[in-house]
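Below, each chain spelled out in residue letters.
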Amino acid sequence: MFVLELTYTAPLDRVEAALDGHIAWLEQHYAAGHFLASGRKEPRDGGIIIASVDDRATAERITKEDPFVTAGVCEYRITEFIATKTVPGLESYRQQLPA
C-alpha cells in the first residue's frame, strides 16, 4: 500500500488548467483497481491518494503519468506502508508483516 502525497508547485490557476486531465487519470486508476481513496488537502496545497499497487516502481511510474506532473504543477512524495489493520470493507487489502 502507498500514500501518494501531492504538493502543488505552481499557482492554483495553473493547477485548475490541468484538473480535467488529472480527474481522467484518477478515474483510469480507480477503474484499474490501483486507487482506493483520494482528495484535496486542506488547506488546498495538494492532495492525497491511497494506492494499492504491486511495488514502489509501479507507484513511481503511475505518479509520473499524472497530468499535474506532466504540466509541472505538482510533485509527489510516495510513502509505502503495510496495511495490517483495516475496516471490514477493506479486509482484502490487509497485509502480513514480513517474517
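Positions within a chain are numbered from 1, following the residues in the order the chain's sequence is written. Given that the model is predicted, a residue must reach a pLDDT of at least 70 before its local features are reported, and side-chain atom pairs must reach 80 or more before they are shown or counted; all residues, however, enter totals for whole chains, interfaces and linings. With hydrogens and water set aside, each side-chain value is computed from the structure's full complement of heavy atoms.

Enquirer: Even after reading the chapter, I still don't get the overall build of the protein, so can you show me in this structure?
Expert: The helix and strand labels rest on DSSP assignments: H or I over at least four residues marks a helix, E over at least two residues marks a strand, and numbering proceeds from the N terminus. The secondary structure content of the protein amounts to 4 helices and 4 strands. Helices and strands appear in the protein in the N-to-C order β-α-α-β-β-α-α-β. By its C-alpha atoms, the protein is 45 × 25 × 25 Å across when sized along the principal axes. Residue exposure (1.4 Å probe, protein chains only): buried if accessible area is under 20% of the type maximum, exposed if over 50%, otherwise partly exposed. Taken over 99 residues, the protein has a buried fraction of 33%. Partitioning the intrachain contacts of the protein with sequence separation of at least 6 by distance along the chain shows that 65% fall at a separation of at least 24. Contact between two residues is taken to exist if any of their heavy atoms lie within 4.5 Å; hydrogens are not considered.

Enquirer: Explanation requested: the sheet that holds strand β1 (residues 2–8) in the structure shown.
Expert: The strands making up a sheet are joined through hydrogen bonds of the backbone, oriented either antiparallel or parallel. Any two strands are treated as partners once DSSP identifies two or more bridges connecting them. As summarised here, the arrangement of the 4 strands in space is β2-β3-β1-β4, forming an open sheet in which the pairing is antiparallel. Two strands close off the open sheet at either side, each with one partner strand: β2 (35–40) and β4 (74–80). Strand-to-strand twist across the sheet, computed as the mean angle between neighbouring axes with direction ignored, equals 15 degrees. Interaxial angle, 0 to 180 degrees, is taken between N-to-C directions of lines fitted to C-alpha atoms, where a helix line uses only the stretch in contact. Where helix α2 (residues 19–31) meets the sheet, its contacts fall on β1, β2, β3 (46–51) and β4, and the angle it forms with β2 comes to roughly 160 degrees. In this fold helix α3 (residues 56–64) packs onto β1, β2 and β4, with an angle of close to 165 degrees to the strand it touches most, β4.

Enquirer: What should I look at first to understand α2 in this one?
Expert: Residues lying three or four places apart along an α-helix face the same way, a consequence of the helix completing one turn every 3.6 residues. The end-to-end C-alpha distance of α2 is 18 Å, a good match for the 18 Å that 13 residues give at a rise of 1.5 Å each. Along α2, the positions that sit buried rather than exposed are Leu19, His22, Trp25, Leu26 and His29. With its buried residues spanning 120 degrees around the axis, α2 presents them on a single face. Among the exposed residues of α2, those oriented more than 90 degrees off its buried face are Asp20 and Ala31. Residue Gly33 follows α2 closely and has a positive phi angle near 85 degrees. A helix is expected to reach a length of 1.5 Å times the quantity of its residues less one. This arc describes the spread of directions from the helix axis toward the C-beta atoms.

Enquirer: In this structure, what is going on with the packing of aromatic side chains? I would like to understand it.
Expert: A ring pair, where both rings are aromatic, is described by two values, the distance of the centres and the angle of the planes. Pairing of aromatic side chains here covers Phe, Tyr and the six-membered ring of Trp, requires ring centres within 6.5 Å, and sorts the geometry by plane angle: under 30 degrees stacked, over 60 edge-to-face, intermediate tilted. This model, assessed by the stated rule, comprises 3 aromatic pairs. Centre to centre, the rings of Trp25 and Phe35 are 5.3 Å apart; their planes meet at 65 degrees, and the pair counts as edge-to-face. Here Trp25, found in helix α2, pairs with Phe35, found in strand β2; they are 10 residues apart in sequence, far enough to count as distant. Classification of Phe35 by relative accessible area gives buried; the value is 4%.

Fair warning: the whole summary comes from geometry, so function is off the table for now.
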